[in-house]
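Geometric and topological summary
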Amino acid sequence: GPLKKAATVLRGVWKTKYVEIRRGIFSYWEDGGSSTVRRKSLPLRASVCVCRAVKMPTAMIHSRGAVFELIVDGGARRLWMANSVKERQAWIRTIHE
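Described below are features of the structure shown in this document. (Residues numbered from 1 in each chain as written. Predicted model: local features only at pLDDT ≥ 70, side-chain atom pairs only at ≥ 80, totals over all residues. Heavy atoms only, no water.)

Examining the sheet that holds strand S2 (residues 14-22)
Here we have seven strands laid out as an open sheet, ordered S4-S3-S2-S1-S7-S6-S5, and antiparallel in their pairing. At either end of the open sheet lies a strand with only one pairing partner, and these are strand S4 (40-43) and strand S5 (49-54). If you compare each strand with its neighbour and ignore which way they point, the axes differ by 35 degrees on average. Pairing geometry for strand S1 (residues 2-6) and S2, over five bridges, is antiparallel. Counterpart to Lys4 in the pairing with S2 is Thr16. Strands in contact with helix H1 (residues 85-96) are S1, S2, strand S3 (25-29), S5, strand S6 (66-72) and strand S7 (77-82); relative to S5, the strand with the most contacts, it is inclined by about 170 degrees. (Pairing = 2+ DSSP bridges. Helix = DSSP H or I, 4+ residues; strand = E, 2+ residues; numbered from the N terminus. Axes fitted to C-alpha atoms, helices over the stretch in contact; angles between N-to-C directions. Contact = heavy atoms within 4.5 Å.)

What follows is the structure in structure tokens.
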């Protein structure tokens, strides 16, 4: 389903991505409307994956969303925004399964 991902360069900018979790892989992509969609994939093995709720300053969130972070294999911290706290908890639960 859709989630918003924090831009790595511009603070406070969130881009909508389409996310799928299948067979232990977290994949996301932009809906470019073309047949050449570039997916990015992250492995979700418990030993190398950190996923937890994050409180953000309201200045960084322009809409009423609930943010969580995903760090895989000690790599970059990726921030994701769900539409509600309930939805965020569902994503975190699914990632940890």
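Next comes the rest of the description.
Digging into H1
End to end, H1 covers 16 Å across twelve residues, agreeing with the expected 16 Å (1.5 Å per residue, within 8%). The set of residues buried in H1 consists of Arg88, Trp91, Ile92 and Ile95. Looking down the long axis of H1, one finds its buried residues gathered within 95 degrees of arc, a one-sided arrangement. What points out from H1, more than 90 degrees from its buried face, is the exposed set Lys86 and Arg93. On the buried face of H1, the contacting elements are S1, S2, S3, S5, S6 and S7. (Expected span 1.5 Å × (residues − 1). Buried < 20%, exposed > 50% of the residue type's maximum accessible area, 1.4 Å probe, protein only. Arc of directions from axis to C-beta.)

Observations concerning the nonpolar core
Counting 16 residues, the largest nonpolar core has Leu3, Val19, Phe26, Phe68, Leu70, Trp80 and Ile95 as its most contacted members. Mapped onto this core, the elements with two or more residues apiece are S3, S5, S6, S7 and H1. Here Leu70 is in contact with Phe26, Leu42, Leu44, Cys49, Val50, Cys51, Ala76, Arg77, Arg78, Trp80 and Ile95, once residues within four sequence places are set aside. Ala6, Trp14, Val54 and Met56 belong to the second largest nonpolar core, which has seven residues in total. (Core = buried A, V, L, I, M, F, W, Y, C linked by side-chain atoms within 4.5 Å.)

Considerations on the packing of aromatic side chains
Counting across every chain of the model gives three aromatic pairs. Relative to Trp80, the ring of Phe26 lies with its centre 5.3 Å away and its plane at 65 degrees, an arrangement referred to as edge-to-face. Of this pair, Phe26 sits in strand S3 while Trp80 sits in strand S7, and the two are 54 residues apart along the sequence. Note on accessibility: Phe26 and Trp80 belong to one class, buried. (Phe/Tyr/Trp six-rings, centres within 6.5 Å; stacked < 30°, edge-to-face > 60°.)

These figures come from the coordinates and say nothing about function on their own.
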